[in-house]
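Take a look at the letters that make up each chain.
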Amino acid sequence: MLRQTHSLPGLVAALLLVVLAITGVVLSTSPALERLSAPAAATNQTSVATLAERVGQHYIGVEQIQRSPSGAVIVYYTQNGQSDAVQVDPNSGQGIAPYAASSFTRWIKNLHRSFFLDTTGRAVAGLAAVVMLIMCLSGAALLIKRQGGWRQLARPLRGNFSQRWHAELARIVALGLLLSALTGIYMSAVTFGLVSDGIQDEPSFPTELATGPALPTGSMPALKAVELNDFRELVYPSAGHPEDVYSLHTAQGDGYIDQATGALVSYQAHNGTQKTYELVYKLHTGEGLWWLGIILGLCALSVPFMSITGVVIWWQRRRAIPRLAGNTDPQSADVVILVGSENNSTWGFAQALHDALSQAGKRVHTAPMNQLACRYRQAQQLFILTSTYGDGDAPSSANQFLTRLNKFSGDHKPEFAVLGFGDRQFPQFCQFAKHAQNGLLEHGWQALLELETIDRQSSQEFTRWGKSVGALLHIDLALDYVPTPPPTQPLVLLSRVDYGEEVQAPTSILRFGPAAPQSCVSQIFRALGINGLPRFEAGDLVGIVPPGSPVPRFYSLASGSKDGFLEICVRKQTKGLCSTMLHGLQVGDHVNAFIQHNPDFRPASGERSVILIGAGTGIGPLAGFIRNNTDKHPMYLYWGGRDPASDFLYEPELDNYLADRRLTQLNAAFSRIKKGGYVQDRVLGDASQIRQLIESGAQILVCGSRAMAASIMQAINEILAPMGLDVQTLKLQGRYREDVF
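Residues numbered from 1 in each chain as written. Predicted model: local features only at pLDDT ≥ 70, side-chain atom pairs only at ≥ 80, totals over all residues. Heavy atoms only, no water.

## A word on helix α3 (residues 103-114)
And then number 1: Compared with an ideal rise of 1.5 Å per residue, which puts twelve residues at 16 Å, α3 spans 16 Å between its outermost C-alpha atoms and is within 8% of the ideal.
And then number 2: Residues of α3 that are buried: Ile108, Leu111, His112 and Ser114.
And then number 3: Two to three positions downstream of the cap, the backbone nitrogen of phenylalanine 104 sits 3.3 Å from a side-chain oxygen, assigning the N-cap of α3 to serine 102.
And then number 4: Immediately beyond the C-terminal end of α3, within one or two residues, lies phenylalanine 115, with a positive phi of roughly 55°. (Helix = DSSP H or I, 4+ residues; strand = E, 2+ residues; numbered from the N terminus. Expected span 1.5 Å × (residues − 1). Buried < 20%, exposed > 50% of the residue type's maximum accessible area, 1.4 Å probe, protein only. Polar contact = N/O pair within 3.5 Å; in protein donor to acceptor, adjacent residues only side chain to side chain.)

See the structure below:
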């Protein structure tokens, strides 16, 4: 519901919002330009009397003096029967330049305020401001949910280009756009009389005036009492009419001045309503607050880009929902598949399951989880494929599932299996899948399988799950769905270092560079020092598609693009298609690869200590973190191998890092030597030091196999127990992160 609240108004009003934003950007520059062109008074104590006297020395027939919120002083006068206007220097009263309102600015203002449609257009502009308010509030709520709580708002954003930059800009400009929306709604309400501006409370026109010759403006007490900074406007009396008066408008109030005495004969202070209107007007236009106008203009500049990316995201999400062929009615289906997805990425997996079951002769009904029926007449199995949104919440297509589950009234309850999709870097990994599993069990449904989870849309894990399901249903269920990967880039092998043959664990450190540039543009970039690699950091993932397989294999990166090369650490797996291919490469051979960013697996910025723990090829990204620790913050490495004589990965580099203090301490464990052990043994052996580091704010990064990661988590929990802490608490604080495989 929240996503629809955000996207639907935006799609409907996108063009209007873009017009308002672009015209707002143009208008936002006016106060700053006016401020630059307006000379400041030599002293803040200059009075209106002094200003009027200086103007009178240069211009005869003055009718009006105005001071704009940005400080420009404009004089309107009549000379030789011709009316004219000039901007003057308040220090001398001399003219700077003729003054004429810009027809372009007036055109832009009319477009911004009413779309050239007068009353109807003003109403449309007001409604557009309401839409902007709704989108700001709903967008902020979506961003908070997406990041897992408002405390996590500054955390790096994930997603494709449109998703990432749409959200990135949103969190930068949200407050500015919210201010523009709120003030725009207020001013629109004033236009239609829904809110008073207080301007109708004017001073009473004087009925009795003194007689005698007119006093020079420079001698008038009422004008002497008003400083230039508080001055708004002075309207002169009609020439030859001693019964007329001066009209004075200031920041505090308005009044009339007797020509003969120069005293205020009537005065009305601005009330709270009028002051509120003037403040809102300043906040919306930037007039009088030129710096705010620039900020709001920059915020508005983001609206066209966010409108485009918003439409792209909506289209991508809509296109991601597959058109299911032969989707059976739910009451006549043998199998029901329910899908929970926020961005529709889970639907591709659901379609693969739907098609495979259909080909096996099953009648299948697939729908969003929010469409759980009140009863199923003959379905034998219920499969739930769901992601988790934000801090363990239901995705948009499943946020009514648990409520509908409470209303399920059928006697027949099919066996169920829940498959959760998520990212293990997040503390609430697949949490909603667990909620769905528990909800079904509490309502008496029988589980066909235990809850299974899939990390980062792993095709291999989905295939393995499909085999388990097929075995239970006594059918051959081949689930080989692969999410569409991004475009690949050719890389050439620059060097390789081989380890581990003696301990039956052949492992290679492979270093790649960009393939030779093929175009003139690529050659120019290379000549300018741009290395031709995509942007990545140590800890990100590289996806490599081996020949003869549609499924990419992912490897953690041991380098950043600034290093000028792409480095991975690969162990050759028995019957491993991709690892066998990589181990067979010779220097000069090519592979095609793409980058998948992994911003949540990074050392925290700052000077606090980092504890790096890994085993086997898990040392790859950890070595990359150490390599890039040029500020020499404290880093402690715990790593496990088999035999130091055969598979001590990165040994020469680690020795160099110890020497230059990029690495503070190295603790290596080897399992196939006399009195050997595992990395968790070294961690437990340093329990006292690790506790001290955790107390001082240290972060822990773990990389390696799931079995190793589980052992490390158990060891760290044991170490933290005397402190009243555990790994889950550190995860919630962003101080314990894993990259497991």
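## Overview of the side chain of serine 508
And then number 1: Mapped onto the elements, serine 508 comes out in strand β15 (residues 507-514).
And then number 2: Since its relative accessible area comes to 1%, serine 508 is described here as buried.
And then number 3: Within the structure, serine 508 has its side chain in polar contact with the side chain of histidine 583 (distance 3.4 Å).
And then number 4: Once residues within four sequence positions are removed from consideration, serine 508 is found in contact with Arg496, Val497, Asp498, Ile568, Cys569, Val570 and His583. (Contact = heavy atoms within 4.5 Å.)

## Digging into the environment of alanine 239
And then number 1: In this fold, alanine 239 is placed in the loop between β5 (231-235) and β6 (245-250).
And then number 2: With relative accessibility at 75%, the residue alanine 239 sits in the exposed group.
And then number 3: For the pair alanine 239 and glycine 61, spaced 178 residues apart in sequence, the C-alpha to C-alpha distance is 8.2 Å.

## Here's the deal with the packing of aromatic side chains
And then number 1: Going through the model one piece at a time under the given rule, you end up with 17 aromatic pairs.
And then number 2: Aromatic pair tyrosine 277 and tyrosine 281: ring centres 6.2 Å apart, planes at 35°, arrangement tilted. Of the two residues, tyrosine 277 and tyrosine 281 both sit in helix α7 (residues 272-285), four residues apart, roughly one turn of that helix.
And then number 3: Site record: aromatic cluster; members linked through ring pairs are Phe349, Phe383, Phe421, Phe462, Trp465 and Tyr481.
And then number 4: A cation sits over an aromatic face here: arginine 511 above phenylalanine 565, 3.7 Å from the ring centre. (Phe/Tyr/Trp six-rings, centres within 6.5 Å; stacked < 30°, edge-to-face > 60°. Lys NZ or Arg CZ within 6 Å of the ring centre and 35° of its normal.)

## Observations concerning the sheet that holds strand β13 (residues 452-455)
And then number 1: The five strands lie next to each other as β10-β9-β11-β12-β13, forming an open sheet whose pairing is parallel. In this open sheet, the two strands that pair with only one neighbour each are β10 (364-368) and β13. Across the sheet, the mean angle from the axis of one strand to that of its neighbour is 15°, orientation sign disregarded.
And then number 2: Summarising the sheet, strand β12 (residues 415-422) and β13 pair through four bridges and their orientation is parallel. Counterpart to glycine 422 in the pairing with β13 is aspartate 455. (Pairing = 2+ DSSP bridges. Axes fitted to C-alpha atoms, helices over the stretch in contact; angles between N-to-C directions.)

## Regarding the environment of tyrosine 555
And then number 1: Relative to the helices and strands, tyrosine 555 is located in strand β17 (residues 553-556).
And then number 2: When sequence neighbours within four positions are dropped, the list of residues in contact with tyrosine 555 reads Asp540, Leu541, Val542, Ile544, Ile568, Val570, Cys578, Ser579 and Leu582.

## Structural notes on unusual backbone geometry
And then number 1: The backbone phi angle of cysteine 430 is positive, close to 55°, even though this residue is not glycine.
And then number 2: Within the secondary structure, cysteine 430 is located in the loop between β12 and α11 (431-442).

## A word on the sheet that holds strand β21 (residues 635-641)
And then number 1: Across the sheet, five strands lie side by side as β22-β21-β20-β23-β24; this open sheet has parallel pairing. The sheet is open, and its two borders are formed by β22 (665-670) and β24 (736-740), each paired with just one other strand. Across the sheet, the mean angle from the axis of one strand to that of its neighbour is 10°, orientation sign disregarded.
And then number 2: For strand β23 (residues 699-704) and β24, the ladder comprises five bridges, and the chain directions are parallel. Residue pairing for β24: cysteine 703 is matched across the bridge by aspartate 739.

## Comments concerning a nonpolar patch on the surface
And then number 1: A contiguous nonpolar patch, built from Trp290, Trp291, Ile294, Ile295, Leu298 and Leu301 and spanning about 590 Å² of accessible area, is present on the exposed surface.
And then number 2: For isoleucine 294, a relative accessible area of 31% corresponds to the partly exposed category. (Patch = residues over 30% accessible without salt bridge, like charges linked within 9 Å, V, L, I, M, F, W, Y side chains within 5 Å. Areas by Shrake-Rupley, 256 points an atom, 1.4 Å probe, with all protein chains shown as cover. Salt bridge = Lys/Arg side-chain N within 4 Å of Asp/Glu carboxyl O.)

## Observations regarding helix α2 (residues 48-56)
And then number 1: Inspection of α2 places Val48, Ala49, Leu51, Ala52 and Val55 among the buried residues, and these make up the whole buried set. The buried side chains of α2 occupy one side of the element, clustering within an arc of 160° when seen end-on.
And then number 2: Next to the buried residues of α2 lie β1 (62-67), β2 (73-79), β3 (82-88), α6 (221-224) and β5. (Arc of directions from axis to C-beta.)

## A short note on the confidence of the model for the protein
And then number 1: Per-residue confidence for the protein averages 88 on the pLDDT scale, and 93% of its residues sit at or above 70.
And then number 2: Segment residues 518-530 is flagged for pLDDT under 50; beyond a separation of four residues in sequence, or across chains, it makes eight contacts in the model. (pLDDT = per-residue confidence, 0-100.)

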